[in-house]
Amino acid sequence: MSGTRSDGELLRAVAADADRRAFEELYRRYAPWLTARLRGRCADPALVDDVVQETFLAVWRGTARYRETTEDGVNADAAGWLWRIGSRRLVDALRGDGARGRLRQALARLRHRDEASAEERVLAGVEHGDLAGALVRLSPELRAVLQATVIDGLTTREAAVLLGIPPGTVKTRAMRARKQLREELA
């Protein structure tokens, strides 16, 4: 096939065949645009980057379904469809800011500490409940990623440079840390 594929062709290829090239082309075409629009709604670039990543992950996994025509027969716009997914995910992320704020505070208390004494652990457990204990139980690598991205507000790329690891490793460790915290706090 020669020439540039339409949005519909790219989305069909991703949905039907898990076509990686089609997905990459769609990402290159729309990720910068979606990032710019979401940054107009949110001043936290790391959160915006996470939302963009989650939006395209939903497209790749097929959890978001694109319909080329709407119920009333109007041609659907891929950009509008991606915007709806991204904006909803941003709202969900911002609603979770209360938990994010508590996580920031608990991580800040753990920052630049040597191993906490037994008394400090007991006091932290009393004062902050399960969250402080769950943070202490994270491996130093996972805690460092959360500290860089949540406390310091660094982007994935900035955290990767700071920690001396690839950006993909930062994302993986952040995902593992969040999962471990969710499991321990559930």
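Values in this document were obtained by computation on a predicted structure and should not be read as measured data.

A. Representation of helix 1 (residues 7–17) in the model. For helix 1, the complete set of buried residues consists of Asp-7, Gly-8, Leu-10, Leu-11, Ala-13 and Val-14. Looking one or two residues beyond helix 1, the residue adopting positive phi is Ala-18, at roughly 50 degrees.

B. Structural context of helix 2 (residues 20–39). Here helix 2 contains 20 residues, and its C-alpha end-to-end distance of 27 Å stays within 8% of the 28 Å for a straight helix at 1.5 Å per residue. In the structure, helix 2 departs most strongly from a straight axis at Tyr-30, where the bend amounts to approximately 40 degrees and where the proline Pro-32 lies between one and four residues downstream. Between the side-chain oxygen at the start of helix 2 and the backbone nitrogen of Arg-21 there is a gap of 3.0 Å, and the oxygen is on Asp-19.

C. View of the packing of helix 1 against helix 2. Contact geometry of helix 1 with helix 2 gives a least axis separation of 8 Å together with a crossing angle of 135 degrees. What the angle tells us is that helix 1 and helix 2 run oblique. Crossing of helix 1 over helix 2 shows left-handed handedness. Note on element contacts: helix 2 touches helix 1 through Ala-22, Phe-23, Glu-25, Leu-26, Arg-29 and Tyr-30, opposite Asp-7, Leu-10, Leu-11, Ala-13 and Val-14.

D. Inspection of the nonpolar core at higher detail. Leu-26, Tyr-30, Leu-38, Val-52, Phe-56 and Val-59 are the most contacted members of the largest nonpolar core, which totals 26 residues. Listing elements by their share of this core, those giving two or more residues are helix 1, helix 2, helix 3 (45–61) and helix 4 (78–95). Here Tyr-30 is in contact with Asp-7, Phe-56, Ala-78, Ala-79 and Leu-82, once residues within four sequence places are set aside. By size, the runner-up hydrophobic cluster in this structure holds nine residues, among which are Leu-131, Leu-138, Val-150 and Leu-181.

E. Representation of the side chain of Thr-155. Among the structural elements, Thr-155 can be located in the loop between helix 8 (140–151) and helix 9 (156–163). Residue contacts for Thr-155: discarding those within four places in its chain leaves Pro-45, Ala-46 and Asp-49.

F. Here's a closer look at the packing of aromatic side chains. Tallied over the full model, the rule gives four aromatic pairs. Taken together, the ring pairs connect Phe-23, Tyr-27, Phe-56 and Trp-60 into an aromatic cluster. Here Arg-37 stacks its cationic end above the ring of Trp-83, 3.9 Å away from the centre of that ring.

G. Representation of the confidence of the model for the protein. Averaged over all residues, the pLDDT of the protein is 77; the fraction at 70 or higher stands at 70%. Of all helices and strands in the protein, the one with the weakest mean pLDDT is helix 6 (residues 118–128) (48), whereas helix 2 scores best (92).

H. Representation of the packing of helix 9 against helix 10 (residues 167–185) in the model. Following both chains from N to C, one finds helix 9 and helix 10 inclined at 105 degrees, their axes separated by 8 Å at the closest point. Taken together, the axes of helix 9 and helix 10 lie roughly perpendicular to each other. Of the residues in helix 10, those touching helix 9 at Thr-156, Ala-159 and Ala-160 are Pro-167, Val-170 and Lys-171. When grouped by side-chain class, the residues that make up the contact of helix 9 with helix 10 number four nonpolar, one polar and one charged.

Reading the values: the criteria
- Residues numbered from 1 in each chain as written.
- Predicted model: local features only at pLDDT ≥ 70, side-chain atom pairs only at ≥ 80, totals over all residues.
- Heavy atoms only, no water.
- Buried < 20%, exposed > 50% of the residue type's maximum accessible area, 1.4 Å probe, protein only.
- Helix = DSSP H or I, 4+ residues; strand = E, 2+ residues; numbered from the N terminus.
- Expected span 1.5 Å × (residues − 1).
- Bend = angle between axes of the 7 residues up to and from the residue.
- Polar contact = N/O pair within 3.5 Å; in protein donor to acceptor, adjacent residues only side chain to side chain.
- Axes fitted to C-alpha atoms, helices over the stretch in contact; angles between N-to-C directions.
- Parallel < 35°, antiparallel > 145°, perpendicular 65-115°, else oblique.
- Left-handed = near helix turned anticlockwise from the far one by under 90°.
- Contact = heavy atoms within 4.5 Å.
- Core = buried A, V, L, I, M, F, W, Y, C linked by side-chain atoms within 4.5 Å.
- Phe/Tyr/Trp six-rings, centres within 6.5 Å; stacked < 30°, edge-to-face > 60°.
- Lys NZ or Arg CZ within 6 Å of the ring centre and 35° of its normal.
- pLDDT = per-residue confidence, 0-100.
- Nonpolar A, V, L, I, M, F, W, Y, C, P; charged D, E, K, R; others polar.

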